[in-house]
Structures are given as C-alpha cells and as structure tokens.
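Observations on the three-dimensional arrangement
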Amino acid sequence: MAFELPKLNYAFEALEPNIDAKTMEIHYGKHHNGYTNNLNNIISDSENENKNIEEILNSLDLDNSGLRNNAGGYYNHNLFWEIMGPNSGGEPKSEISESINSNFGSFENFKDEFSKAAATRFGSGWAWLCSKENGKLEICSTANQDNPLMPNGCGGKPILCLDVWEHAYYLNYQNRRPDYINAFFNVINWDEVNKRFLEK
Ligand code: MN3
C-alpha cells in the first residue's frame, strides 16, 4: 500500500501574508512530495509495506534513519497542512479552548509556551501540542522529522504542530523565526484542532 501526498484543502496563496505562496508551493510540492516518494521506496517489499503511518512510527527502529526521516516527514506535514487554513487564527472556541485554559491558565500562556518551544528548537524540527489521557495537553518539540509517536517521542496524540525548518519560512522571513511563529497563530484552523482533540 503506497502512501499518497494528500490534497491541500486550500490554494498555495490562501495563507498569505502569513505564509507566502512560493513557500507553500515548494514546501508541499517538493519537500512533502519528496518525503512521500522516499517513504514509499523505503517500505516497498518490507515488513512495513502494509502498516499505516501511525503503526510505522510507533514501531520505528530509530537506527533506520531513512525510514525515521521520511515516515516522520510524511506524517508531520500531513498534520501541518490540515491544522492551518484561510480565515483562521485568533483564539479557539469550543472544547479545546476550555482545555487550553485549564492546562495552561490562559490562551496567552499557551501561546507563549508553544512559541518558546518552537523558537528554542535548535536547528530543524517541530513544535507540538499533544492530547494525553484525562484531558491533559502537553507541549513538546522534536528535532529533524521526529515526532511524538516515535519510540523516543513525547507521547500523546498530536493535535497541533509547527514546522520550524528553515524551508518553512526562509523565503519570506529569512532568519526571523519568531515573526514566522507569531504569524502561524493567524492561520491555525482551531476547528480542525478541536476535531482531533475530540477524536478518540
Ligand atoms: Mn517542512
């Protein structure tokens, strides 16, 4: 079973001015597409061929760097595109809002903590918000294309993520990662995050 590059639910320019069209085009069409093709080549005729992506990540051998990088890259970008959208951002409503407030004290505190995790990830990586048991939410960050589902991961179910590789922002923001992180909050699709939060 080969993995497919998922269709984007919005146009490349839909997230402007926060994320520019050229970055979206290259990021999705080249980077994500590359991870997808590499992943399919790596799992072809292997024990992983018929597993879903979560199973591959959960059972990953961390020494298998090709699978680690490309399975991670495939999964991480799938989630990233889904939790962004046009006419989004602002503060969440609904159940996720209550959970953010009870876990972090306020939306502003959550935003500060998540932004710090994204800003302080040295080099390439991701920031995550994960849903754990008993309604607990946790923020973590991972290096390269690692993610919370891997054996070395912070655990829980990823419901929000931010790509802080330079390829995600360099054309528009150059070295200003904090500006990119701030802009990301204008395009978070909280309905989608909430949907994932409520899914068992
Ligand atoms: Mn990326």
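In this report, we go over the structure that sits alongside the text.

Basis of the calculations
Every chain is numbered on its own, with residues counted from 1 as its sequence reads. Whole-chain, interface and lining totals are the exception, using all residues; otherwise, since this is a predicted model, local features are given only for residues with pLDDT of at least 70 and side-chain atom pairs are given and counted only at 80 or more. By convention in this description, side-chain values take in all heavy atoms of the structure and omit both hydrogens and water. Only DSSP runs of H or I reaching four residues or more are called helices, and only runs of E reaching two or more are called strands; each is numbered from the N terminus. To estimate how far a helix should reach, multiply one less than its number of residues by 1.5 Å. Each residue's exposure class comes from its accessible area (1.4 Å probe, protein chains only) as a fraction of the maximum for that residue type: buried when under 20%, exposed when over 50%, partly exposed otherwise. The directions considered for the arc run from the helix axis to the C-beta atoms. Contacts were defined at the residue level, with two residues in contact if any of their heavy atoms lie within 4.5 Å. The term nonpolar core refers to a set of buried residues drawn from Ala, Val, Leu, Ile, Met, Phe, Trp, Tyr and Cys, joined through side-chain atoms within 4.5 Å. Only when DSSP finds a minimum of two bridges between them are two strands counted as paired.

Observations concerning helix α5 (residues 107-120)
- Given a rise of 1.5 Å per residue, 14 residues ought to cover 20 Å, and the 20 Å separating the end C-alpha atoms of α5 matches this to within 8%.
- Those residues of α5 lying buried are Phe107, Phe110, Lys111, Phe114, Ser115, Ala117 and Ala118. With its buried residues spanning 155° around the axis, α5 presents them on a single face. Of the residues in α5, the exposed ones pointing more than 90 degrees away from the buried face are Lys116 and Thr120.
- Among the structural elements, α4 (94-104), β1 (125-131), β2 (137-143), β3 (157-163), α7 (177-184) and α8 (190-198) are those in contact with the buried residues of α5.

Re the nonpolar core
- Counting 59 residues, the largest nonpolar core has Phe80, Met84, Phe110, Leu160, Leu162, Tyr180 and Phe184 as the members making the most contacts within it.
- Ranked by residue count, the leading element in this core is helix α3 (residues 65-82), at 7 residues.
- When sequence neighbours within four positions are dropped, the list of residues in contact with Phe184 reads Phe80, Ile83, Met84, Phe114, Leu160, Cys161 and Leu162.

A short note on the pairing of β2
- Across 7 bridges, the pairing between β1 and β2 is antiparallel. Looking across to β2, one finds that Gly125 is bridged to Ala143.
- Here β1 hands over to β2 after 5 residues, with Asn134 in that stretch at a positive phi of 60°.

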